[in-house]
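A closer look at the structure
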Amino acid sequence: QEADLPRIPVHPISYGVAVEILRNMAGPEAPLDWQGGLEITYHLGPGHTGQASGRTVRLVVNQDRVVRTTYNVIGTIKGAVEPDRYVILGNHRDAWVYGGVDPSSGTAVQLELARAMGKLKMEGWRPRRTIVFGSWGAEEYGLIGAVEFVEDYIRSLQERTVAY
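Since the structure is predicted, the reported quantities are computational estimates derived from the model, not experimental observations.

**Examining the overall build of the protein**
Broken down by element type, the protein carries four helices and four strands. Taken from the N to the C terminus, the helices and strands of the protein come in the order α-β-β-α-β-α-α-β. For the protein, whose C-alpha radius of gyration is 22 Å, the value lies well above the compact-globule estimate of 15 Å for 164 residues. Seen through its C-alpha atoms, the protein measures out along the principal axes to roughly 70 × 35 × 30 Å. Within the protein, residue pairs in contact and separated by at least 24 positions form 62% of the contacts whose partners lie at least 6 positions apart. Total accessible area computed for the protein in this model is approximately 12400 Å², and 56% of it derives from carbon and sulfur atoms. The average position of the 17 basic charges and that of the 19 acidic charges among the side chains of the protein differ by 8 Å.

**Looking at the sheet that holds strand β1 (residues 73–77)**
Spatial strand order, β1-β3-β2-β4: four strands in an open sheet with mixed pairing. Taken across any chain shown, the strands that pair with only one partner, and hence form the sheet edges, are β1 and β4 (161–163). Neighbour to neighbour, the strand axes of the sheet diverge by 30° on average, direction disregarded. Bridging between strand β2 (residues 82–92) and β4 involves two bridges; their strand directions are parallel.

**Concerning the packing of aromatic side chains**
Inspection of every chain in the model, using the stated rule, returns two aromatic pairs. Between W136 and F149, the aromatic rings sit 5.0 Å apart at their centres with planes inclined by 40°, giving tilted as the arrangement. Separated by 13 residues along the polypeptide, W136 in strand β3 (residues 129–136) and F149 in helix α3 (residues 144–152) bring together distant segments of the chain. Accessibility expressed as a relative area gives 12% for F149, which makes it buried.

**A closer look at the nonpolar core**
Soluble globular proteins tend to bury their nonpolar side chains together. By size, the foremost hydrophobic cluster in this structure holds six residues: Y86, I88, V132, W136, F149 and L157. Breaking this core down by element, the ones donating at least two residues are β2 and β3. Those residues within four positions of Y86 in sequence are excluded, and the remaining contacts are T130, V132, S156, L157, R160, T161, V162 and A163.

**Some remarks on the side chain of H48**
Relative to the helices and strands, H48 is located in the loop between α1 (15–23) and β1. For H48, a relative accessible area of 15% gives the class buried. For H48, the residues in contact, after removing those within four places along its chain, are I21, N24, M25, A26, S53, R55 and V57.

**A closer look at a nonpolar patch on the surface**
There is a patch of nonpolar side chains on the surface, built from I13, V17 and L59 and spanning about 260 Å² of accessible area. Mapped onto the fold, V17 is located in helix α1. Overall, the relative accessible area of 41% leaves V17 in the partly exposed class.

**Remarks on the environment of I154**
Along the chain, the position of I154 falls in helix α4 (residues 154–160). Linking I154 and G75, residues 79 residues apart in sequence, is a C-alpha distance of 18 Å.

**Some remarks on the confidence of the model for the protein**
Across the protein, the average pLDDT comes to 88, with 92% of residues at or above 70. The secondary structure element of the protein with the lowest average pLDDT is α1, at 89, and the one with the highest is β4, at 98.

Thresholds, definitions, all that
- Residues numbered from 1 in each chain as written.
- Predicted model: local features only at pLDDT ≥ 70, side-chain atom pairs only at ≥ 80, totals over all residues.
- Heavy atoms only, no water.
- Helix = DSSP H or I, 4+ residues; strand = E, 2+ residues; numbered from the N terminus.
- Rg over C-alpha atoms; globule rule 2.2 N^0.38 Å.
- Contact = heavy atoms within 4.5 Å.
- Areas by Shrake-Rupley, 256 points an atom, 1.4 Å probe, with all protein chains shown as cover.
- Lys, Arg positive; Asp, Glu negative; His and termini not counted.
- Charge placed at Lys NZ, Arg CZ, Asp CG, Glu CD.
- Pairing = 2+ DSSP bridges.
- Axes fitted to C-alpha atoms, helices over the stretch in contact; angles between N-to-C directions.
- Phe/Tyr/Trp six-rings, centres within 6.5 Å; stacked < 30°, edge-to-face > 60°.
- Buried < 20%, exposed > 50% of the residue type's maximum accessible area, 1.4 Å probe, protein only.
- Core = buried A, V, L, I, M, F, W, Y, C linked by side-chain atoms within 4.5 Å.
- Patch = residues over 30% accessible without salt bridge, like charges linked within 9 Å, V, L, I, M, F, W, Y side chains within 5 Å.
- Salt bridge = Lys/Arg side-chain N within 4 Å of Asp/Glu carboxyl O.
- pLDDT = per-residue confidence, 0-100.

Following this line, the structure appears as structure tokens:
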């Protein structure tokens, strides 16, 4: 219960399914600050209108509520001129499903940057400021890896971070 995880069952659905459900919702019109970006009028429910009036939306979510271990992977290249100032490059590496591509482009860029800068460092180069590479775990479950890192180092991050 320490993690800020949803207390109600949630599950991602496709854009097409979401539009179909929202377009056909009955009930009073939703307040303006609840209106989303779709080209429909949002309603609060309950139930559905028109041909969808007999429909019931049923969502079954099967989850194993177990505690698992996750890891952040952190690498640094110490700065030569301002070592107490941080330029942070971060990306999560988990995805919703096996083979999911959500974090892959960012991970590829981050790994290539780390490889290239590591090679430059072996040739004697050092950056002006300290570069921190953060590979966050458990992003899809509530930004857990990045949040835990920030919570652990909040004071130094606030005082020393130049860019993220």
